[in-house]
Amino acid sequence: MSTYQKQSTTESVKGKLPTPGSGIEIKKAICSICNPIPHCGIGAYVKDGVIIKVEGARENPHNAGTLCAKGAASRQYAYHKDHILSPLVRKGSRGSGDFEAVSWDEAFDLTADRVERIRRDSGPESIVFYAGYPKWMRPFLKRFAHSFGSPNYCTESSTCSAAASMAARLNYGVMGRPQFSKAKCLLVWSNNPFYSNTAAVRKLVEARERGLKIIEVGPLVTPLTAHADIHLRMRPGTSGALALGMGNVIIEEDIYDRKFVENWTIGFDEFRSYVKQFTPSFTEEITGVSAGLMQKAARVYAKAKPAGLLTGANATVYHTNGVQNHRALTALVGLTGNFDQEGGNYVVPPGYLYVPSGVVTRQDEFEQSRPWEEMAPRVGQDLYPVWCKMVPQGQAIHVPFQIKSGRPYPIRAMIGFGVNHRMWPGPDFMAESLRMLDFFLDVDIFMTDTARMADVVLPACTSFERSEHKFYPERYVIWTSPVIEPLGESRSDTDIIFELAARLAPGDQLLREGYEACVDWILEPTGLSVAELKKYPAGYSLKDVRKPEYRKYEKGGFPTPSGKMEFTSSILKEAGLDPLPLYEEPKYSPRSTPELSKDFPLILTSGARLPMFIHSRTFRLPWPRSLRPDPMLDINPKDAAQRGIKQGDWVSLSAPRGSINVRANLTQIVPLQYAGRLKTAMVRRLDWCDYLRDHEEMPEAPELDRILARFYLW
Ligand SMILES: Nc1nc2c(c(=O)[nH]1)N[C@H]1C(S)=C(S)[C@@H](COP(=O)(O)OP(=O)(O)OC[C@H]3O[C@@H](n4cnc5c(=O)[nH]c(N)nc54)[C@H](O)[C@@H]3O)O[C@H]1N2
Ligand SMILES: Nc1nc2c(c(=O)[nH]1)N[C@H]1C(S)=C(S)[C@@H](COP(=O)(O)OP(=O)(O)OC[C@H]3O[C@@H](n4cnc5c(=O)[nH]c(N)nc54)[C@H](O)[C@@H]3O)O[C@H]1N2
Ligand code: SF4
Ligand SMILES: [Mo]
C-alpha cells in the first residue's frame, strides 16, 4: 500500500473531523504571527482544550481559507517550549537569565513601586513606554503612557513605516493605496507582497489575470517578477534618482496631468527645472537601469489611466536621504493625476489599528489622553522636529542615545511590550543602554535575549488565548474570544496594561473601566459594540459602510499647509531643509565612496523578507526553520565563481564595520556585484553592524538625521 493510500483510510481521517463523537470543535481565532495588517482568520480545531489543527477561515474575506507558511505553523508557535509561563523577577545580574517566578500581584506591585519612585525623582518623561512590532495593544499602551504623564510612547514604527508615510504626507498630507481591481497599471516600488503580505496577493494575481500591467522596481528578482511586464533593477539606494528620471520623461514628453498639476499642486516649476538634469542617460549612469527601459516604464505608468503605486514600508527609506527619495517616487502619483482617483491611489482613512476599512473610529482621540503641551518634549524632539511634528510618538531609535547621554533629560526606565534590542540599528549599543536603565519591564510571549536583560518579565499569551478586535479592508469585522485557556499564567497584553494603569494612572476613568469598555468607546461613532460583535464569533461583513468619495481634495483641499499637493514641501522649507525631493547618493556607495568600494566591491542589502520568517518570531518553529536552517547570503553565481565560492559554503561576509560567517546561496535573483538578502532568524545574527557604537559622543543633528535612514543586517 502506498503512503498516500495509507493516509486516505477512513480511520486516519475520522479523527480529524469534528463529527459529533470526535469531541472536536472548530473555534474562530485570528492569526497574530504577523499582526496587524493581515490578521488572517483561523479555524482552530480544539479537542480537550488543546488546538490540534489550524486552517484558514473560509468565511473571512481577507484570507479566504488560506494561511501562509508561518500561519500554518501556528500550533508550533502557540505551544512552543520557550513560552514564558509565569511572571518573573530578576534575581541574578542583568542578562544572566536568573529569574524567580512570582505572583502577578507581586510583579505588578514591584513594577508600580519602582516606576513610581522614578517618576517622583525624575519626572514621568523619564519612563519610556515601548511597543515592538506587535501592534494590537498599542492604543491602550499609548493612552496609558499619556495618562501616566509620559510623552514617550515609542514604537518599532520609528524604524519602519513612519519614514515612508512621512514622505508621502509631506507631499499630500495623506496617502492613498492602490486599488488592484480597478487599476490598469500598477507600479510596485520595492515591495514584495508575495512574501510580505500574502493575503493581498490573491487579489493582485486576479487583477493581473484581468489584464493589469505591472511594473516592478527593485534590485531583486521576486515572485512578482514573473507577473511583471517591466522590471527596473536599480542599484540599491538610488530610488530617488530613478523616480526623478521618470518624472523628467513624464514632463518632457508632456504626458503628465496638466489639469491636476495646475490646479492642485505647488512648486511644480521648481520641480520641473530640478528634474531636467535627470535625463535618461544621466539616470542610467546613477541607477544602472537602462535608459530605454526606464523611459518605457515612465510612459506605461503615465499613460495607463488609472494607475496605482504600491510602495513598501522601508526598502526605499533605509538609506541616507530616504525620506526625500520616497518623496520623489510618491510625487509620480500626483504628476500623473492618479491621486485619490478610482483605480489610482485611493484615500481611505484608517479606522482601527491602521487598517483602512472605511470605518471611522475614535482611536486617535482615545490614544492621546493628554495634549503634547502638557507633557515634556518627546525623545528626539529637539533633533528631529519634523519627524515629531508628523509622527505622534517619540523617536524610538533615539532612545539608546538619550539613555546614554541623559540629554536633554534622563531616561531611567522602560515599560516594554515585545522589546527586541536587535531591532535597533546598533543592537549592542541598545543592549548596553538597556542595561543602564534603573528599571526595565519586558512583556513577551517568549523568553528572548532582550527579556533576559529585564528586571521584570511578564508572560503575554498568543492570539489564541485572548480577545481581539479587528477591522479588515474588505469591510469585515471580528471580535474574537479565546479558543484555549491561556498557557501557564500568561495573560493578554491588554490585561497587563489595564492592571498597570490601575496602579500607575488611576486617575484615568476610562482605563479603569477595562478593555471592552475602551473598545466600545473607540467604536462609538461606528454604531458597533463589543456586545454586538460577540454575537458573531466568525465575524461579519459591514453592509452599510459608505465608501469615501474619490477626489476628496476637490472639496476640502489637501491636508498640507498650502492645501495642495506640494512638490516643494512647506514643512521642510520652514524647518530649513530642502523643500524639493532632492537626490543624494547613499553615504556609502560606489559613487560616493569609490575608494571604499575597492576594498568592498559588493553592495549589500539586507532584511528583505522571506516567506517563512517574520522578524524574530518564527525561527524557533521547526516547519519554517526547516526551510532555511542556516543564515544565508544570496550571491550571484558569477560573483561567487570569481571568489571560488560554491553553493552552501560557509563564507565570511565583511563590511567596514565587521564581519559574519554565513552560508552562500548562489542565485540569479541578486544582480551582479551585489550580495543581497542576507537573512536568517534575527536571533542568530551576530551583533556586528553597530556603527552607532562608534559614536561615544552623540553625533551632531544632521549626522543623526542621516543615521535615522540607516541600513540593516540580519
Ligand atoms: N536586523 C534587522 N533589523 C530590523 C529589520 C530587519 O529586517 N533586520 N526590520 C525592521 C522592521 S521593518 C521592523 S517592523 C522591526 C520589527 O522588529 P521587532 O519589534 O523586533 O519585531 P518582532 O521580532 O516581530 O517582535 C518583537 C518581540 O515581540 C514579541 N511578540 C510577538 N507577539 C507579541 C504579542 O502579542 N505580545 C507581546 N507582548 N509580545 C509579542 C516577539 O516574541 C518578539 O520578541 O525591525 C526592524 N529592524
Ligand atoms: N514573511 C514576512 N512578511 C513580512 C515581514 C517579515 O519579516 N516576514 N515583515 C513585515 C514588515 S514589518 C514589513 S516593514 C514589510 C516589508 O515588506 P516589503 O516592503 O515587501 O520589503 P522587503 O522584502 O524588505 O523588500 C522589498 C523589495 O525591495 C527591494 N530592495 C531591496 N533593497 C533595496 C534598496 O536598497 N532600495 C530599493 N529601492 N529597493 C530595495 C528588493 O527588490 C525587495 O524585493 O513586510 C511585512 N511582512
Ligand atoms: S500572513 Fe501568515 S503569519 Fe500573517 S496573519 Fe496571515 S497566516 Fe498569519
Ligand atoms: Mo516593518
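## Quick look at the side chain of T480
- Mapping T480 onto the fold places it in the loop between β19 (476-479) and α19 (493-504).
- Judged by relative accessible area, which is 1%, T480 ranks as buried.
- For T480, the residues in contact, after removing those within four places along its chain, are K28, A29, I30, R466, S467 and E468.

## Description of the packing of helix α6 (residues 161-172) against helix α14 (residues 322-335)
- Packing of α6 against α14 brings their axes to within 8 Å, and their N-to-C directions diverge by 50°. When the interaxial angle is binned, α6 and α14 end up oblique. As for how α6 packs across α14, the hand of that crossing is right-handed. Together, A163, A164, A167, A168, L170, N171 and Y172 of α6 and V323, H326, R327, T330, A331, V333 and G334 of α14 make up the contact between the two elements.

## As for the sheet that holds strand β20 (residues 540-541)
- The sheet built from three strands is open, its strands ordered β18-β19-β20 with antiparallel pairing. At either margin of the open sheet sits one strand with a lone partner, and together these are β18 (469-472) and β20.
- With two bridges joining them, β19 and β20 adopt antiparallel strand pairing. Paired with Y476 across the bridge in β20 is S541.

## Observations regarding the site of ligand 3
- Residues in close proximity to ligand 3 include C31, I33, C34, P38, H39, C40, L67, C68, K70, G71 and T198, which together make up its full environment.
- Tallied by class, the residues present in the shell around ligand 3 amount to seven nonpolar, three polar and one charged.

## A closer look at the sheet that holds strand β1 (residues 24-30)
- Strand order in the open sheet formed by three strands is β1-β2-β3, with antiparallel pairing between adjacent strands. The open sheet is flanked by β1 and β3 (50-56), the only strands paired with a single partner. On average, each strand axis in the sheet is tilted by 30° relative to the strand beside it, whichever way the strands run.
- As paired elements, strand β2 (residues 41-47) and β3 share six bridges and run antiparallel to each other. Pairing of A44 across the sheet is with V54, part of β3.

## Section: the domain arrangement of the protein chain
- Each assigned domain of the protein chain is listed with its residue range as follows: domain 1 (3-78), domain 2 (102-159 + 353-541), domain 3 (176-346) and domain 4 (594-711).
- Computed over C-alpha atoms only, the centres of domain 2 and domain 3 are separated by 35 Å.

## Brief notes about the environment of K564
- If you trace the backbone, K564 turns up in the loop between α23 (553-556) and β21 (565-566).
- In contact with K564, other than residues within four places in its own chain, are N171, N263, W264, T265, I266 and F558.

## Points about the site of ligand 2
- Around ligand 2 there are 31 residues in total, and S190, N192, S239, H319 and F613 lie nearest to it.
- A distance of 3.5 Å separates a nitrogen atom of ligand 2 from a polar backbone atom of A315.
- In isolation ligand 2 offers 920 Å² of accessible surface; the protein chains occlude 94% of this area.
- Broken down by class, the residue content of the shell around ligand 2 amounts to 14 nonpolar, 15 polar and two charged.
- The two domains that each donate at least three residues to the shell around ligand 2 are domain 3 (176-346) and domain 4 (594-711).

Parameters and conventions
- Residues numbered from 1 in each chain as written.
- Chains lettered and ligands numbered in written order.
- Predicted model: local features only at pLDDT ≥ 70, side-chain atom pairs only at ≥ 80, totals over all residues.
- Heavy atoms only, no water.
- Helix = DSSP H or I, 4+ residues; strand = E, 2+ residues; numbered from the N terminus.
- Buried < 20%, exposed > 50% of the residue type's maximum accessible area, 1.4 Å probe, protein only.
- Contact = heavy atoms within 4.5 Å.
- Axes fitted to C-alpha atoms, helices over the stretch in contact; angles between N-to-C directions.
- Parallel < 35°, antiparallel > 145°, perpendicular 65-115°, else oblique.
- Left-handed = near helix turned anticlockwise from the far one by under 90°.
- Pairing = 2+ DSSP bridges.
- Near = heavy atom within 4 Å.
- Nonpolar A, V, L, I, M, F, W, Y, C, P; charged D, E, K, R; others polar.
- Domains from an automatic or database assignment.
- Polar contact = N/O pair within 3.5 Å; in protein donor to acceptor, adjacent residues only side chain to side chain.
- Areas by Shrake-Rupley, 256 points an atom, 1.4 Å probe, with all protein chains shown as cover.

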